[in-house]
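Here is how the chains run, residue by residue.
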Amino acid sequence: MKKLKLDIIGLSYSQTQSGAYALVLGEVNGRRRLPIIIGGFEAQAIAIEIEKMTPSRPLTHDLFKSFADAYHINVQEVIIYNLVEGVFFSKLICNDGKKTLEIDARSSDAIALAVRFGCPIYTYEFILASAGIVIEGTDFVFLDNIEPTQTESPKSTGNSYSAYSEDELQKQLKDALTEEAYEKAARIRDELTKRKSN
């Protein structure tokens, strides 16, 4: 069966399921998108790696990567190989230099590992045909629709970081990373980046 390569298009807060996120994968050289509903922890793990943020302590997926590296195991590719009653099934194709093994995984975990190993993500035509949607352009942007946590002050929610000085933002960024509040850290970083580009 021919494999179709997918890229990560975006991640946004799910409008239909509380506490869940929509991970959107896009067909390479195609217009179809494959939305997958994932949990908050996995969304955070994917976003942190894509945004190249460094947590204060290793997350579970970082630990798996370090463990695999220590034993010279490489994840060569991730395949989303089945869809049963709305649940996607994935596997990691791993190699230790001598043999290749397939390891069953949840799609969200498999993709969190794919971004860490820099390996391609594939699926099959029947999955894109049954669960894919066609979108004109790319309507999803990383972290833009993630709701602020309840612990944030009204001043720091949304895009209102413009009220802070650069020094205050740097301190808040450091605090957010220490507290492992990565969505907040990404919004602060975006504000700092925007200021540098002006």
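The rules behind the values
Residues numbered from 1 in each chain as written. Predicted model: local features only at pLDDT ≥ 70, side-chain atom pairs only at ≥ 80, totals over all residues. Heavy atoms only, no water. Helix = DSSP H or I, 4+ residues; strand = E, 2+ residues; numbered from the N terminus. Contact = heavy atoms within 4.5 Å. Buried < 20%, exposed > 50% of the residue type's maximum accessible area, 1.4 Å probe, protein only. Salt bridge = Lys/Arg side-chain N within 4 Å of Asp/Glu carboxyl O. pLDDT = per-residue confidence, 0-100.

Participant: Quick question: what am I supposed to make of the side chain of T123 here?
Facilitator: If you trace the backbone, T123 turns up in strand β7 (residues 121–124). Among all residues touching T123, those that are not within four sequence positions of it are K2, K3, L4, L6, I80 and L128.

Participant: Looking at this model, I keep getting lost on unusual backbone geometry. Mind explaining?
Facilitator: One non-glycine residue, K52, adopts positive backbone phi at about 55 degrees. Mapped onto the elements, K52 comes out in the loop between α1 (40–50) and α2 (60–70). The phi angle at H72 is positive, at roughly 60 degrees, despite the residue not being glycine. Mapped onto the elements of the fold, H72 is located in the loop between α2 and β4 (74–84). The exposed category is assigned to H72, whose relative accessible area is 62%.

Participant: What is the right way to read the side chain of S108 from this model?
Facilitator: Turning to its location among the elements, S108 is positioned in helix α3 (residues 107–117). Looking at S108, the relative accessible area reads 8%, which means it is buried. In this structure S108 touches I38, E42 and I46, once residues within four positions along its chain are discounted.

Participant: What is the right way to read the pattern of salt bridges from this model?
Facilitator: For side chains of opposite charge, pairing can occur when their charged atoms come near one another. With the rule as written, the count across this model stands at 9 salt bridges. Note that R106 and D109 form a salt bridge whose closest N and O atoms lie 2.9 Å from each other.

Participant: When you look at the confidence of the model for the protein chain in this model, what are you seeing that I'm missing?
Facilitator: Interpreting fine coordinate detail is not advised for predicted regions of low pLDDT. With 81% of its residues at a pLDDT of at least 70, the protein chain reaches an overall mean of 81. Scored below 50 in pLDDT, residues 137–159 makes 43 contacts in the model with residues more than four places away or belonging to other chains.

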